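So you can see what is in the structure, the chains are spelled out below.
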Amino acid sequence: MSENENVFRDPPVRKAVVQMAVPTVISSLVLVVYNMADTYFVGQTQDAFQVAALSWAG
């Protein structure tokens, strides 16, 4: 039995959900911060087309 199967088989449901959700939430927050920083620095160019390209590529 792999370690991933133990996450859902042995502990209570609440603990398993938290154990899987916390890394997902953290990675989402990192992605948001990265996108905000990217938009800020590209926005410094004062070129609306480049800022629009960020939302198109993302």
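Structure: above.
Cut-off values and rules
- Counting from 1, residues in each chain are numbered in the order their sequence is written.
- For a predicted model such as this one, the threshold for reporting local features is a pLDDT of at least 70, and the threshold for listing and counting side-chain atom pairs is 80 or more; totals across whole chains, interfaces and linings nevertheless cover every residue.
- Neither water nor hydrogens contribute to the side-chain values; these are computed over all heavy atoms in the structure.
- Every helix listed is a DSSP run of H or I at least four residues long, and every strand listed is a run of E at least two residues long, numbered separately from the N terminus.
- Calculation of accessible area relied on Shrake-Rupley with a 1.4 Å probe; when residues are assessed, cover is drawn exclusively from the protein chains displayed.
- A pair of Phe, Tyr and Trp rings is counted when the ring centres sit within 6.5 Å of each other, with Trp represented by its six-membered ring. The angle between the planes then sorts it: under 30 degrees is stacked, over 60 is edge-to-face, the rest tilted.
- Here the term buried applies to any residue with accessible area under 20% of the maximum for its type, exposed to any over 50%, and partly exposed to those in between, with areas from a 1.4 Å probe on protein chains only.
- Nonpolar side chains (Val, Leu, Ile, Met, Phe, Trp, Tyr) within 5 Å and like charges within 9 Å form the patches, drawn only from residues with over 30% relative accessible area and no salt bridge.
- A pair is scored as a salt bridge if a Lys or Arg side-chain nitrogen falls within 4 Å of a carboxyl oxygen belonging to Asp or Glu.

Trainee: Help me understand the overall build of the chain in this model?
Mentor: Across its full length, the chain holds three helices and zero strands. The N-to-C order of helical and strand elements in the chain reads α-α-α. Accessible surface for the chain amounts to roughly 5200 Å². Of this, 66% is attributable to carbon and sulfur atoms.

Trainee: Explain the packing of aromatic side chains to me, please; I cannot follow it from the model alone.
Mentor: Aromatic ring pairs are defined here through the distance separating the ring centres and the angle between the ring planes. Under the definition given, this model contains one aromatic pair. Look at Tyr 40 and Phe 41: their rings are 5.1 Å apart centre to centre, the planes differ by 75°, and that puts the pair in the edge-to-face class.

Trainee: So what exactly am I meant to see when it comes to unusual backbone geometry here?
Mentor: Trans peptide bonds make up most of the peptide bonds, and negative phi angles are found at most residues other than glycine. One non-glycine residue, Gln 46, lies in positive phi territory at about 60°. Its location among the elements puts Gln 46 in the loop between helix 2 (13–43) and helix 3 (48–57).

Trainee: Explain the environment of Thr 39 to me, please; I cannot follow it from the model alone.
Mentor: The topology assignment puts Thr 39 in helix 2. For Thr 39, a relative accessible area of 35% corresponds to the partly exposed category. Taking the C-alpha atoms as reference points, Thr 39 and Val 51, separated by twelve residues in sequence, lie 6.5 Å from one another.

Trainee: It is not clear to me how a nonpolar patch on the surface should be interpreted in this structure. Could you clarify?
Mentor: Taken together, the side chains of Val 18, Val 22, Ile 26 and Val 30 make up a nonpolar region of the molecular surface, amounting to roughly 340 Å² of accessible area. Relative to the elements of secondary structure, Val 18 occurs in helix 2. Among the residues examined, Val 18 registers a relative accessible area of 46% and is labelled partly exposed.

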